[in-house]
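# Understanding the architecture of this molecule
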Amino acid sequence: MATTQATSESLPVIALLGNPNAGKTSAFNMLTGLRRQVANYPGVTVEKASGIIRHNTTKLEVLDLPGAYSLTARSPDEFVVTEILLGHRDDTKPLDAAVVVIDATNLERNLFLASQVLEAGLPTVIALNMTDIAERRGIQIDSDKLADKLGVPVIPIVASTGKGRVALIEAIEKAIGGDKPSPICDWPDAVNQSVEALSAEISKRNGAIGPVTPYELRRCLLDANGEMERKLLASHPDSRALAEFVSEQREKIKASGHSPANLEAEIRYASIADIVSGCLKRTPNTEPTRSERLDNLLTHRVLGTMIFVAVMTITFISVFSWAAPLMDGIEAMFGALAGWVHAALGEGLLATFLTDGVIGGVGSVLVFLPQIMILIALITLLEDCGYLARAAFLMDRVLRVFGLGGRGFVPLLSSFACAIPGVMATRTIECPRERLITILIAPLMACSARIPVYTIFVAAFIPQRMVLGFLPLQGLVFAGMYFFGIVAAAVAALVFRSVLEGRAPTPFILELPSYKKPSIKLILWRSLDRGKVFIQSAGTIILAMSMIIWALLYFPRPADLETKVRGDMQQAGITEPVKIENAVAGEYLRNSYMGRVGKAIEPAVKPLGWDWKIGMATLASFPAREVVVSTLGIIYNLGAGADEESTALRQKLQSATWPDGRKVYNIPVVLSIMVFFALCCQCGGTVAVIKRETNSWKWAAVAFSYMTILAYVGALVVYQVGIRVS
Amino acid sequence: MIAQNPRTLADLKASAKATVLSLQGEPAVQQRLAEMGLTSGRQIRMVRVAPLGDPYQIEVLNYHLSLRRRECECVLLATDPA
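Residue and element names in this part refer to chain A. Residues Ala 98, Val 100 and Ala 127 are the most contacted members of the largest nonpolar core, which totals 232 residues. When residues of this core are assigned to domains, at least three map to each of domain 1 (6-175) and domain 2 (189-257). In this view, Ala 98 contacts Ile 14, Ala 15, Leu 17, Leu 85, Val 117, Ala 120, Leu 122 and Thr 124; residues no more than four positions away in its chain are not counted.

Here's what the structure looks like:
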């Protein structure tokens, strides 16, 4: 996806960097006025976001780089920031300046990244954010003095209100084309000697590597198993010899009394302490801060857990029930639109294509928007005020058993409403392995689209009686299906945990930021942004799948088929137009390509206890599982209007027979169908969103295949065991 | 009293303070911890342990950080008087 417009070709480019929680996104929004373009950098899961700064005659392109605590990179995702800073990515223009957003309430830790950026050889501006909160907490920062010591401009801003915008833009403008900053720390001789030796070694062997800056060489030496080392080795003709040389140099640094792993932090934090000593004043507080007192309550063993349960329940109920009327509204709107088109164009291929294929397809994309936008808004609210980190803190121990982390809780919980926003919400998970496992198991949670499927079969086949005198059996089966999804997800997580073990484990390092008032602006913006991303990335795929399935269900349409059905109906003395129409529709469907495929695969679904009608309805519902109900409606000559409350459909299912007269549905068959729908990845949107969030078709294919296989095997086992038991 | 084994951050009681002596374990983990401010000589405070016994909440450089027990065991503490 090319995002650079022709007009922005010649614009100066700056990049925005900062720690997570430093308010980088708010700063980006303040600078660009909310408009940004989003794509994925190829090969990694990092989002490429850019926007334009406009101020008087100034026009600058700004890249929003992912939040990071350090430029140390051990994964391709983390390496993106360094590569862009150094101008090494072909898909990104070399930068003209870097802006580091730092949190004034957490100056020293934030200056760590800033001090690294100062060595990347780019004109740099520091945006000192959240100065209002710092002031309220009694933290005084002399920004002029700080600028003096760092050798770069330091502009105090409050990104959430827009304070300091003009000053920041003017400082950036002035910095572009200006001097490169000088490093704030001195390296020990041993390191400098090793950097020189490595430089000489690389140029001696003269690989296709080009000039390597001392900064890169130092990164290579200090980051054991880091991406910089990997890159230098890969581009060198004799990578084994170079690897040996690098480890020799590391030994030399160690011999001089420095640990390569801790050296950088020791040196930087020493310089930072020195710099900060003259320009940072804290009012010493002997009593706990407001944030700490809140933590006492919110992470309390009993009260904190109760509040957690309450917050999560409210979040889940909100996504589930606030979205419902909006989704109904969208469906009604598209229904009305289809009706209108139908009325205007009458019968015929074009009208059917427009109403069922196009309008139905677009509607099936937009219907997800309410859930996505509500969930993202709630997560942003929880994240921005600081609670999400506490929720992760509370839940980490539980989820770790399954190879997940605390931050996986909210995405998994929201997947009970819909896996699409759930998968999108995994962006808050920092560890790539945990994030991937969470994404892969999220679609096993019983989402709301499974409810109509469970409802129709439970209502039609599970007897209405009480267990132990007070527990309704139907309700128990329903709850059991939810529980079944959770158990399946837990098992899948354990399997993925062992399969993906080889991937570098990321230490769990979770900042617990001080609580603050959430920014409504940020919440609304993020929610709209994610909605847009969903439509851009998943919309076309869902639409295409809907149209293909529509065509498979519609064609072929030989005219004599309809004549024959009408003739048969007349002979049978049936005159009601609705019944005749439904019979015609049913015959066309059974005769469609999908119907033929359904019949062809009957041997494959027979071991599950299914007839070809169930098989076909299941196939047709791969883009969206809830479609199975209306497809069964058409198959049984009830028209497409049949829903899970339809008694006519229940009766048809109850009385359906095999050609030899045996009943099709019995308890093992019904359980086998429900288990299949519980486990199968019948959702085009989820597949599309997994592709988008992992930036690879591979993981989308893995999710789709493992769930489909699991569903088949699960249904097979349930049926085969079921018929032997009953 | 001098502890028998080197004391690590994982042994620190809630609301107790200590000084970082050094880091141990995998270089990549050491580097991450050091970058977050856990460098030798740094004053840290154990704020609390999560209700389920893990992870831990600590204060370092005037901010709060949560680490799992495994990472806490990589942080060796100086044996302070008191």
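Next, the rest of the story.
Turning our eyes to something else, we now look at the pairing of strand β5 (residues 75-78) of chain B. Residues and elements named next belong to chain B. The alternating pattern of β5 places Val 75 and Leu 77 on a buried face and Leu 76 and Ala 78 on a face that is not buried. Note: strand β1 (residues 17-23) against β5, 4 bridges, orientation antiparallel. For Thr 19, the partnering residue across the bridge sits in β5 and is Ala 78.

A separate point is the sheet that holds strand β5 (residues 97-103) of chain A. Residue and element names in this part refer to chain A. Read across the open sheet, the 7 strands follow the order β2-β3-β4-β1-β5-β6-β8; overall the sheet is mixed. Looking at the sheet topology across the chains shown, the edges are occupied by β2 (37-40) and β8 (154-156). Strand-to-strand, the axes of this sheet are offset by a mean angle of 25 degrees, without reference to chain direction. Pairing analysis gives 6 bridges linking β5 to strand β6 (residues 124-129), with the strands arranged parallel. Residue pairing in the sheet places Val 99 in a bridge with Val 125 of β6.

One widely used convention gives an interface's size as the accessible area the parts lose upon coming together. With 31 residues of chain A in contact, the opposing surface of chain B contributes 30 residues. Taken together, the elements giving at least two residues each to the side of chain A that touches chain B come down to α3 (107-117), α11 (260-277), α13 (303-345), α16 (387-400) and β12 (509-512) of chain A. For the side of chain A that touches chain B, a count of residues per class yields 14 nonpolar, 8 polar and 9 charged.

Before going further, it helps to examine the confidence of the model for chain A. Residues and elements named next belong to chain A. Across chain A, the average pLDDT comes to 89, with 97% of residues at 70 or higher. Per-element confidence in chain A ranges from a low mean pLDDT of 77 for β2 to a high of 98 for β6. Confidence drops under pLDDT 50 across residues 1-8; counting only partners more than four residues distant or on other chains, this segment forms 8 contacts.

Glancing now at the packing of helix α25 (residues 593-600) of chain A against helix α27 (residues 612-620) of chain A. All names here are of chain A. Where α25 meets α27, the closest approach of the two axes is 8 Å, and the angle between their N-to-C directions is 125 degrees. As summarised for this structure, α25 and α27 are arranged oblique, according to the angle between their axes. Between α25 and α27 the crossing geometry is right-handed. Across the interface between the two elements, Met 594, Gly 595, Val 597, Gly 598 and Lys 599 of α25 pack against Trp 612, Gly 615, Met 616, Leu 619 and Ala 620 of α27.

As a further point, take the domain arrangement of chain A. As assigned here, chain A comprises domain 1 (6-175) and domain 2 (189-257). When the residues that make up the side of domain 1 of chain A that touches domain 2 of chain A are grouped by side-chain class, the tally is 5 nonpolar, 2 polar and 3 charged.

This part is about the sheet that holds strand β3 (residues 56-60) of chain B. Pairing within the open sheet is antiparallel, and its 6 strands lie in the order β12(A)-β4(B)-β3(B)-β2(B)-β1(B)-β5(B). Of all the strands in the sheet, just β12 of chain A together with β5 of chain B have a single pairing partner and so form its edges. The average undirected angle you get between the axes of adjacent strands in this sheet is 45 degrees. Relative to strand β4 (residues 63-67) of chain B, β3 of chain B runs antiparallel, the two being bridged by 5 bridges. Bridge assignment links Val 60 of chain B to a residue of β4 of chain B, and that residue is Tyr 63 of chain B. Where α16 of chain A meets the sheet, its contacts fall on β12 of chain A together with β3 and β4 of chain B, and the angle it forms with β12 of chain A comes to roughly 135 degrees.

Residue and element names in this part refer to chain B. On average, residues of chain B carry a pLDDT of 89, and 89% of them reach 70 or more. When pLDDT is averaged over each helix and strand of chain B, the minimum, 92, is found for helix α1 (residues 27-35) and the maximum, 96, for β3. In the predicted assembly, ipTM is 0.94 and pTM is 0.86.

This part takes up the packing of α13 of chain A against helix α14 (residues 349-366) of chain A. Residue and element names in this part refer to chain A. At a closest axis distance of 9 Å, the pairing of α13 and α14 adopts a crossing angle of 165 degrees. Considering the angle they form, α13 stands roughly antiparallel to α14. Here α13 runs over α14; the crossing is right-handed. For the pair α13 and α14, the contacting residues are Ile 330, Glu 331, Phe 334, Leu 337, Ala 338, Val 341, His 342 and Leu 345 in the first and Leu 350, Ala 351, Leu 354, Thr 355, Ile 359, Gly 360, Val 362, Gly 363 and Leu 366 in the second. Grouping the constituent residues of the contact of α13 with α14 by class yields 12 nonpolar, 4 polar and 1 charged.

This part covers unusual backbone geometry. Of note, the amide linkage connecting Phe 555 of chain A to Pro 556 of chain A takes the cis form, showing an omega dihedral of -10 degrees. Topologically, Pro 556 of chain A is positioned in the loop between α22 (520-554) and α23 (559-571). With an omega dihedral of -5 degrees, the bond running from Asp 54 of chain B to Pro 55 of chain B counts as a cis peptide bond. Turning to its location among the elements, Pro 55 of chain B is positioned in the loop between β2 (43-49) and β3. Even without a glycine there, the phi angle at Asn 21 of chain A is positive, about 70 degrees. The residue Asn 21 of chain A is located in the loop between β1 (13-18) and α1 (24-32) in this model. The exposure class of Asn 21 of chain A is buried, given the 23 C-beta atoms found within 10 Å. One non-glycine residue, Met 130 of chain A, adopts positive backbone phi at about 60 degrees. With respect to the helices and strands, the residue Met 130 of chain A is situated in the loop between β6 and α4 (131-136).

Once that is clear, we can look at the environment of Ala 343 of chain A. In this fold, Ala 343 of chain A is placed in helix α13. Since 9 C-beta atoms lie within 10 Å of it, Ala 343 of chain A is described here as exposed.

Residue and element names in this part refer to chain A. Counting buried positions along β1 gives 6 out of 6 residues, so the element sits mostly inside the fold. Residue alternation in β1 divides its side chains into two sets, Val 13, Ala 15 and Leu 17 and Ile 14, Leu 16 and Gly 18, and both sets are buried. With 4 bridges joining them, β1 and strand β4 (residues 58-64) adopt parallel strand pairing. Pairing of Leu 16 across the sheet is with Asp 64, part of β4. Note: β1 against β5, 5 bridges, orientation parallel. Each residue of the ladder has a partner; that of Ala 15, found in β5, is Ala 98.

Rules used throughout
- Residues numbered from 1 in each chain as written.
- Chains lettered and ligands numbered in written order.
- Predicted model: local features only at pLDDT ≥ 70, side-chain atom pairs only at ≥ 80, totals over all residues.
- Core = buried A, V, L, I, M, F, W, Y, C linked by C-beta atoms within 7 Å.
- Buried ≥ 20, exposed ≤ 12 C-beta atoms within 10 Å, placed from the backbone.
- Domains from an automatic or database assignment.
- Contact = placed C-beta atoms within 7 Å.
- Helix = DSSP H or I, 4+ residues; strand = E, 2+ residues; numbered from the N terminus.
- Pairing = 2+ DSSP bridges.
- Axes fitted to C-alpha atoms, helices over the stretch in contact; angles between N-to-C directions.
- Nonpolar A, V, L, I, M, F, W, Y, C, P; charged D, E, K, R; others polar.
- pLDDT = per-residue confidence, 0-100.
- Parallel < 35°, antiparallel > 145°, perpendicular 65-115°, else oblique.
- Left-handed = near helix turned anticlockwise from the far one by under 90°.

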